[in-house]
Amino acid sequence: MDRAQRKKEVERAYDIQAKAAVRGMAQWGAVGLGLAGIGHYYWQPFRRQTLPFKAFLVTIVSVFGLCIHAEEALQAHELEQRLRENAIRKEARIALSRRGILPTETEIAKWKAEQASLANAEDEARARAVASAVAEQPASTSGQ
């Protein structure tokens, strides 16, 4: 994996983690706020506490939700990435073995690069076909 691709993957993981963290903080913040409201109306010792202490308790619950959701999302993303990479490596080992090549790390990396260039060539050919199909279509007359 080259640096640019690695950087893109790190950014993607960060975005996933940040979105999950915001969602977790909002969910657990609402839970903390609700519990603080219930505690304020139904429990006399809690009612006597200062507003900053109550806000501190709500913040603790919110940060707990932020951490839990962010870590859970990152672990799910890493699992998905690991499974995808293992599937690609398995496919590479099979393809290289069929060619009679020992599937070393170097050969697997070459195979991945070869597959990526083939996929790019197919994408370019598909784009050219679409462009030529669009160019062959007759121009519509808008004056009618």
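The sections below set out a description of the structure shown in this document. In this text, all values refer to a predicted model and were calculated from it rather than measured experimentally.

Conventions used here
Residues numbered from 1 in each chain as written. Predicted model: local features only at pLDDT ≥ 70, side-chain atom pairs only at ≥ 80, totals over all residues. Heavy atoms only, no water. Helix = DSSP H or I, 4+ residues; strand = E, 2+ residues; numbered from the N terminus. Rg over C-alpha atoms; globule rule 2.2 N^0.38 Å. Buried < 20%, exposed > 50% of the residue type's maximum accessible area, 1.4 Å probe, protein only. Contact = heavy atoms within 4.5 Å. Salt bridge = Lys/Arg side-chain N within 4 Å of Asp/Glu carboxyl O. Expected span 1.5 Å × (residues − 1). Phe/Tyr/Trp six-rings, centres within 6.5 Å; stacked < 30°, edge-to-face > 60°. Axes fitted to C-alpha atoms, helices over the stretch in contact; angles between N-to-C directions. Parallel < 35°, antiparallel > 145°, perpendicular 65-115°, else oblique. Left-handed = near helix turned anticlockwise from the far one by under 90°. Nonpolar A, V, L, I, M, F, W, Y, C, P; charged D, E, K, R; others polar.

**Some remarks on the overall build of the chain**
Turning to step 1, where the next piece is worked out: Secondary structure summary: the chain contains 4 helices and 0 strands in total.
Turning to step 2, where the next piece is worked out: When the elements of the chain are put in sequence order from the N terminus, they spell out α-α-α-α.
Turning to step 3, where the next piece is worked out: The globule rule puts the C-alpha radius of gyration for 144 residues at 15 Å, and the 27 Å found for the chain is more than 25% above it.
Turning to step 4, where the next piece is worked out: Taking all 144 residues of the chain together, the buried fraction comes to 17%.
Turning to step 5, where the next piece is worked out: Intrachain contacts of the chain at a sequence separation of at least 6 include 55% that bridge at least 24 residues.

**Brief notes about the pattern of salt bridges**
Turning to step 1, where the next piece is worked out: Counting across every chain of the model gives 8 salt bridges.
Turning to step 2, where the next piece is worked out: The network of salt bridges with common partners includes Glu9, Arg12, Glu80 and Arg84.

**Structural notes on helix α3 (residues 51-99)**
Turning to step 1, where the next piece is worked out: The first and last C-alpha atoms of α3 sit 72 Å apart over 49 residues, in line with the 72 Å expected at 1.5 Å per residue.
Turning to step 2, where the next piece is worked out: Turning to α3, its buried residues number three or more, namely Lys54, Val58, Ser62, Gly65, His69, Ala70, Ala73, Leu74, His77, Arg89, Ala92 and Leu96.
Turning to step 3, where the next piece is worked out: Looking at the packing, one finds that the buried side of α3 touches α1 (3-42), α2 (44-47) and α4 (105-136).
Turning to step 4, where the next piece is worked out: Looking one or two places after α3, you find Gly100, whose phi comes out positive at around 85 degrees.

**Structural notes on α1**
Turning to step 1, where the next piece is worked out: With 40 residues, α1 should cover 58 Å at 1.5 Å per step; its first-to-last C-alpha distance of 57 Å lies within 8% of that length.
Turning to step 2, where the next piece is worked out: Residues Glu9, Ala13, Ala20, Ala21, Gly24, Gly29, Gly32, Ala36 and Gly39 constitute the buried set of α1.
Turning to step 3, where the next piece is worked out: On its buried face, α1 is in contact with α2 and α3.

**What to know about the packing of aromatic side chains**
Turning to step 1, where the next piece is worked out: Under the defined criterion, the tally for this structure stands at 1 aromatic pair.
Turning to step 2, where the next piece is worked out: Seen in terms of ring centroids, Trp28 and Phe64 are 5.2 Å apart; in terms of plane orientation they differ by 80 degrees. Their pairing is edge-to-face. Taken as a pair, Trp28 in helix α1 and Phe64 in helix α3 lie far apart in primary sequence, 36 residues in all.
Turning to step 3, where the next piece is worked out: Taking relative accessible area as the criterion, Trp28 reaches 31% and is therefore assigned partly exposed.
Turning to step 4, where the next piece is worked out: With relative accessibility at 40%, the residue Phe64 sits in the partly exposed group.

**Quick look at the packing of α1 against α3**
The description of two packed helices rests on the angle between their axes and on the distance between the axes.
Turning to step 1, where the next piece is worked out: Taken N-terminus to C-terminus, the directions of α1 and α3 make an angle of 150 degrees; their axes are 6 Å apart at the nearest point. One element, α1, and the other, α3, form an angle in the roughly antiparallel class. As for the relative orientation of α1 and α3, their crossing is right-handed in sense.
Turning to step 2, where the next piece is worked out: Of the residues that constitute the contact of α1 with α3, the class distribution is 15 nonpolar, 11 polar and 5 charged.

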